[in-house]
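# Structural description and commentary
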Amino acid sequence: MGWWQLDADTLVGGRFVVSPLAETVASLCLLTSGRATHPAARRWLAEHLPAYRERLDPVTALLVRCALEQPWMADFCAPPPSTEARTFAEELAVVRGTPPDVARADVAVAVNGMLPAALDRTDLAERMAGLLQWVWARAVEPEWARRRRVMEADIVARTAQLGQGGWAAALADLRPGMRWLGDGRLRINAHDRPPRTIRSGARLLFVPVTPGGAWVTWDEPHTYAVIYPCSGVLAEPDGEPVPEALGRLLGPARAAVLVLLATPKSTTQLVALTGQGLGSVGRHLKVLLDARLVRRRRAGRSVLYYRTGAGDVLVRAQRP
């Protein structure tokens, strides 16, 4: 298995961050696989997959297969994000600026040392950057605000886990095969890789993505990042739509809150998912509580809201 050796200071200083580039790489991986299990993800693929395949020329298609469809992703395709907020363009510049020999070496590692002759060229980084730019502009940026709210809601949930059970609890279900082993050891996956020692003072980042997918990346010895899929219903690309009739009955904003409460969520999560202000969400919750359409309960330091049976009936009654 692959695991990292790190000291307590590095773990305690770990941060959750949002990365437009990581989200775009995960979306590119979804397009590359061409497969999805969730209906909304299948709709997203149906919308963008034909144009994506038309966009690929033979060399770029081979580059994608070698760099992204292997058990180990080529490092230059997904550099770790910064702890400071950065735009997609700023993150993409790191990919585009990869020296040609480094890009070729990274692809060779991904394919176990056998770089195809067609990829022995100097423009691999530019090709990958161009493709990522296309995916961002065409398929990610138009819905970036919604995706970002989903990721921020996931971070809220993870932070609550951290407050209640410490890092061991927060990391337990972060991604398949990952868990805290004790004695400064963090298992990051089930691959048979040599352990990697992280120096004290390095930045440890945890980066959610909505399309699914998981990988690790680093810029030694300064930054190490774990990219992980958003959990549960938060990962759904569209979520459950708000029925038009329910919106007329309760108001669209209040109806959106009620629909989201099919599973328990905190006020902060609802703010992140809906884009509404804290005061507005609070007022909607009070009305729904008074109408006995939702209940609340305390979970550690958080207060979670969820639909009652009456609330479930009201939402289900609007479905075809």
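A few points on the structure.

Rules used throughout
The residue count restarts for each chain, going from 1 along the sequence in the order it is written. Where local features are concerned, this predicted model is filtered to residues with pLDDT of at least 70; where side-chain atom pairs are given and counted, the filter is 80 or more; whole-chain, interface and lining totals use all residues. Values shown for side chains rest on all heavy atoms present in the structure; no hydrogens or waters enter the calculation. Going along the chain from the N terminus, every DSSP run of H or I of four or more residues is numbered as a helix, and every run of E of two or more is numbered as a strand. Each radius of gyration is computed over the set of C-alpha atoms, and the globule rule expresses the reference value as 2.2 Å times the number of residues to the power 0.38. Whether a residue is buried, partly exposed or exposed follows from its accessible area with a 1.4 Å probe, protein chains only, as a fraction of its type maximum: under 20%, in between, or over 50%, in that order. Contacts are residue-level and defined by heavy atoms, with any inter-residue pair within 4.5 Å sufficient. For the purpose of charge, His is not counted, nor are the chain termini; Lys and Arg are scored as positive and Asp and Glu as negative. Note that the charge is assigned to NZ on lysines, CZ on arginines, CG on aspartates and CD on glutamates. Here the rule is simple: two strands pair whenever DSSP picks up at least two bridges between them. Under this definition, polar contacts are N or O atom pairs within 3.5 Å; protein pairs additionally need one hydrogen-donor-capable and one acceptor-capable atom, and for neighbouring residues in sequence, both atoms have to be side-chain atoms. Here the aromatic set is Phe, Tyr and Trp, taking the six-membered ring for Trp, and pairing holds for ring centres within 6.5 Å; pairs whose planes are under 30 degrees apart are stacked, those over 60 apart are edge-to-face, and all others are tilted. Counting as a charge over the ring demands two things of the Lys NZ or Arg CZ atom: a distance within 6 Å of the ring centre and an angle within 35 degrees of the ring normal. Each reported salt bridge corresponds to a side-chain nitrogen of Lys or Arg within 4 Å of a carboxyl oxygen of Asp or Glu.

### Focus on the overall build of the chain
- Tallying secondary structure elements over the chain gives 13 helices and eleven strands in all.
- For 320 residues, the compact-globule formula gives about 20 Å, and the C-alpha radius of gyration of the chain, at 21 Å, lands near that figure.
- Along the first, second and third principal axes, the C-alpha atoms of the chain reach 65 × 50 × 30 Å.
- Burial analysis of the chain (320 residues in total) assigns 47% to the buried set.
- Considering only residue pairs separated by 6 or more positions, the chain has 66% of its internal contacts joining residues 24 or more positions apart.
- Taking the average place of the 40 positive charges on the side chains of the chain and the average place of its 31 negative ones, the gap between the two points comes to 9 Å.

### Points about the sheet that holds strand β5 (residues 196-197)
- Taken in spatial order, the four strands make up an open sheet running β3-β4-β1-β5, and their pairing is mixed. Sheet topology places β3 (179-182) and β5 at the edges, where each strand pairs with a single neighbour.
- Sheet topology note: the β3/strand β4 (residues 185-189) ladder contains three bridges and is antiparallel. Its bridge partner being in β4, Arg179 is matched across the sheet by Arg187.

### A closer look at helix α4 (residues 58-68)
- When you tally the buried positions in α4, you get nine out of eleven residues, the bulk of the element.
- Those residues of α4 not exposed but buried are Val59, Thr60, Ala61, Leu62, Leu63, Val64, Cys66, Ala67 and Leu68.
- On the buried face of α4, the contacting elements are α2 (20-33), α3 (39-55), α6 (100-110) and α7 (124-140).
- The opening residue of α4, the one whose side-chain oxygen lies 3.0 Å from the backbone nitrogen of Val59, is Asp57.

### Some points on the packing of aromatic side chains
- Within the structure shown, the criterion is met by eleven aromatic pairs.
- With a centroid separation of 5.6 Å and 65 degrees between ring planes, the pair formed by Trp4 and Tyr224 is classed as edge-to-face. Of this pair, Trp4 sits in strand β1 (residues 2-5) while Tyr224 is found in strand β8 (residues 223-229), placing the two residues 220 residues apart along the sequence. The pair Trp4 / Tyr224 is uniform in exposure class, with both members buried.
- When the ring of Trp167 is compared with that of Phe206, the centres are 5.4 Å apart and the planes differ by 35 degrees; the resulting orientation is tilted. Pair noted here: Trp167 is in helix α8 (residues 144-172) and Phe206 is in strand β6 (residues 203-209), with a separation of 39 residues, a long-range link. Considered together, Trp167 and Phe206 belong to a single accessibility category, that of buried residues.
- Following the ring pairs from residue to residue traces out a cluster consisting of Trp4, Trp72, Trp218 and Tyr224.
- Positioned above the aromatic ring of Trp3 is the side chain of Arg185, whose terminal nitrogen or guanidinium carbon lies 5.8 Å from the ring centre.

### Side note on the side chain of Thr60
- Note on placement: Thr60 falls in helix α4.
- Classification of Thr60 as buried rests on a relative accessible area of 3%.
- Ignoring any residue separated from it by four or fewer positions in sequence, one finds Thr60 in contact with Arg127 and Leu131.

### Some words on the pattern of salt bridges
- Overall, the coordinates contain twelve salt bridges when judged by the stated rule.
- Arg147 is paired through a salt bridge with Glu23; the nearest N and O atoms lie 2.8 Å apart. Within this pair, whereas Arg147 is found in helix α8, its partner Glu23 is found in helix α2, the two being separated by 124 residues in sequence.
- By relative accessible area, Arg147 is classed as buried at 4%.
- Here Asp57 ties to Arg127 by a salt bridge, and the two come within 3.0 Å at their closest N and O atoms. With a gap of 70 residues between them, Asp57 in the loop between α3 and α4 and Arg127 in helix α7 connect regions that are remote in the sequence.
- Asp57 gets classed as partly exposed once you look at its relative accessible area, which sits at 27%.

### A closer look at the pairing of β6
- Counting buried positions over the seven residues of β6 gives six, a clear majority of the element.
- Here strand β2 (residues 15-16) runs beside β6; their pairing, made up of two bridges, is parallel. Of the residues in β6, the one forming a bridge with Phe16 is Phe206.
- As paired strands, β6 and β8 are joined by seven bridges and run parallel to one another. In the sheet register, Val209 faces β8, and the bridge partner there is Pro229.

### Focus on the pairing of β8
- Of all seven residues in β8, six are buried, a share of seventy percent or more.
- Across five bridges, strand β7 (residues 215-219) lies against β8 in antiparallel orientation. Looking at β8, one finds that Thr217 is bridged to Ala225.
- In this antiparallel pair of consecutive strands, β7 and β8, the connection spans three residues.

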